Amino acid sequence: MHTCRNCNQSFQTELALELHRDTCKKGQLFCQVCGDRFREGDATQDGWHYECPNDECDGDGLQEDLYRVEDVRTTTH
Ligand SMILES: [Zn+2]
Ligand SMILES: [Zn+2]
């Protein structure tokens, strides 16, 4: 069983989870350093300083290493 870390929805296959992650409304932020997605609330305590919630990743800064998924979509189209 594969579970989406953002919304806790479960999927039978890893592929189904990958497809879901593209549309998951709770995975709003994207880290370009490790390629992971997570909730905005997981990346910031105060809504000002953002950093990747993954321990092994040192990506930080909104619009530097972290991007909103919707911003990435609009700039790549
Ligand atoms: Zn999800
Ligand atoms: Zn990261």
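Residues numbered from 1 in each chain as written. Chains lettered and ligands numbered in written order. Predicted model: local features only at pLDDT ≥ 70, side-chain atom pairs only at ≥ 80, totals over all residues.

- The name recorded for the chain in an unreviewed UniProt entry is Transcription regulator/DNA-binding protein, from Natrinema limicola JCM 13563.

1. Let's talk about the nonpolar core
As a rule of thumb, nonpolar side chains are buried together in soluble globular proteins.
Here's step 1: L29, F30, C31, A43, Y50, C52 and L66 form the largest nonpolar core, which has 7 residues in total.
Here's step 2: Here the element with the most residues in this core is strand β3 (residues 29–31); it accounts for 3 residues.
Here's step 3: When residues no more than four places from it in sequence are discounted, the contact partners of L66 are L29, F30, C31, A43, Y50, C52, G59, D60 and G61. (Core = buried A, V, L, I, M, F, W, Y, C linked by C-beta atoms within 7 Å. Buried ≥ 20, exposed ≤ 12 C-beta atoms within 10 Å, placed from the backbone. Helix = DSSP H or I, 4+ residues; strand = E, 2+ residues; numbered from the N terminus. Contact = placed C-beta atoms within 7 Å.)

2. Quick look at unusual backbone geometry
Here's step 1: For N8, which is not glycine, the phi torsion reads 65° and is therefore positive.
Here's step 2: As for its position among the elements, N8 is in the loop between β1 (2–3) and β2 (10–11).
Here's step 3: The phi dihedral of Q63 falls on the positive side, at around 70°, and the residue is not glycine.
Here's step 4: Among the secondary structure elements, Q63 is positioned in the loop between α2 (40–43) and β5 (66–68).

3. Here we look at the sheet that holds β3
Here's step 1: Here we have 3 strands laid out as an open sheet, ordered β4-β3-β5, and antiparallel in their pairing. Both outer strands of the open sheet, β4 (37–38) and β5, are each paired with one neighbouring strand and no more.
Here's step 2: Looking at chain direction, β3 and β5 are connected through 3 bridges and run antiparallel. Bridge pairing in β5 places F30 opposite Y67. (Pairing = 2+ DSSP bridges.)

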